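Inside the fold
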Amino acid sequence: MFSDGGVVLVLTAPIVFLGPFLLGAVPGYLLVRYRIVSPLPISGFLTWYAFVDRGSMEPFIVLYSNPIVHAYALGVLVVVGFGEYLVRDQVPYVSHDPLL
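Residues numbered from 1 in each chain as written. Predicted model: local features only at pLDDT ≥ 70, side-chain atom pairs only at ≥ 80, totals over all residues. Heavy atoms only, no water.

What follows concerns the overall build of the chain. If you tally the helices and strands in the chain, you get three helices and zero strands. Partitioning the intrachain contacts of the chain with sequence separation of at least 6 by distance along the chain shows that 57% fall at a separation of at least 24. For the chain, the accessible area works out to roughly 6,700 Å², and carbon and sulfur atoms hold 74% of it. (Helix = DSSP H or I, 4+ residues; strand = E, 2+ residues; numbered from the N terminus. Contact = heavy atoms within 4.5 Å. Areas by Shrake-Rupley, 256 points an atom, 1.4 Å probe, with all protein chains shown as cover.)

Set out below in structure tokens:
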């Protein structure tokens, strides 16, 4: 992906290297700030599956090397988290106070 160098390398390399961090940081933030749990196991499952599938013919590892997929996965995690937030908002005994 980076073999051509130049502008493509300069523009996509930071996104590709920052993407995996965001795939863990966003669910972690949602857990700590809003007590939303579901995005964290989803992100953990995707990480585990990418690790297990790294040697197959069509690897799932593209999740960690394609900036478009980073944005899509983060969007899905945020939508799932927002859905959980709305459901938990209807449950009277669940607090949204930050954990820290």
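Having put the structure on the table, let's press on.
What follows is about the side chain of Arg88. In this fold, Arg88 is placed in helix α3 (residues 67-90). Among the polar contacts made by the side chain of Arg88, one reaches the main-chain carbonyl oxygen of Arg35 at a distance of 3.1 Å. Discounting residues that sit within four places of it in the chain, Arg88 has contacts with Arg35, Val37, Val94, Ser95 and His96. (Polar contact = N/O pair within 3.5 Å; in protein donor to acceptor, adjacent residues only side chain to side chain.)

The subject of this paragraph is the packing of aromatic side chains. One pass over the structure, following the stated rule, counts five aromatic pairs. Judged by centre distance (6.3 Å) and plane angle (85°), the ring pair of Tyr29 and Tyr34 falls under edge-to-face. We classify Tyr29 as partly exposed; its relative accessible area is 49%. (Phe/Tyr/Trp six-rings, centres within 6.5 Å; stacked < 30°, edge-to-face > 60°. Buried < 20%, exposed > 50% of the residue type's maximum accessible area, 1.4 Å probe, protein only.)

Turning our eyes to something else, we now look at the pattern of salt bridges. Taken as a whole and judged by the stated rule, the model has one salt bridge. Note that Glu84 is salt-bridged to Arg88, the shortest N-O span being 3.4 Å. Remark: Arg88 and Glu84 occur in helix α3; sequence separation between them is four residues, near one turn of the helix. Arg88 sits in the buried class, given a relative accessible area of 19%. (Salt bridge = Lys/Arg side-chain N within 4 Å of Asp/Glu carboxyl O.)

With that settled, consider the packing of helix α2 (residues 39-52) against α3. At a closest axis distance of 9 Å, the pairing of α2 and α3 adopts a crossing angle of 150°. In terms of orientation, α2 and α3 fall into the roughly antiparallel class. Contacts between α2 and α3 involve Pro39, Ile42 and Ser43 from the former and Leu77, Val80, Gly81 and Glu84 from the latter. In the contact of α2 with α3, the residues fall into four nonpolar, two polar and one charged. (Axes fitted to C-alpha atoms, helices over the stretch in contact; angles between N-to-C directions. Parallel < 35°, antiparallel > 145°, perpendicular 65-115°, else oblique. Nonpolar A, V, L, I, M, F, W, Y, C, P; charged D, E, K, R; others polar.)

This part is about α2. For α2, built from 14 residues, the straight-helix expectation of 20 Å at 1.5 Å per residue is met to within 8% by its first-to-last C-alpha distance of 20 Å. All of the buried residues in α2 are Pro39, Ser43, Leu46 and Ala50. Each buried residue of α2 sits inside an arc of 60° when the element is viewed along its axis, so together they form one side. (Expected span 1.5 Å × (residues − 1). Arc of directions from axis to C-beta.)

A few words now on the confidence of the model for the chain. When pLDDT is averaged across the chain, the result is 81; 85% of the residues are at 70 or more. Looking over the chain, one finds the lowest element-wise mean pLDDT in helix α1 (residues 6-34), namely 83, and the highest in α3, namely 89. (pLDDT = per-residue confidence, 0-100.)

Taken together, Phe45, Trp48, Tyr49, Phe51 and Val52 make up a surface patch of nonpolar side chains, about 550 Å² in accessible area. Mapping Phe45 onto the fold places it in helix α2. A residue is classified by how much of its surface remains accessible, and Phe45, at 46% relative accessible area, is partly exposed. (Patch = residues over 30% accessible without salt bridge, like charges linked within 9 Å, V, L, I, M, F, W, Y side chains within 5 Å.)

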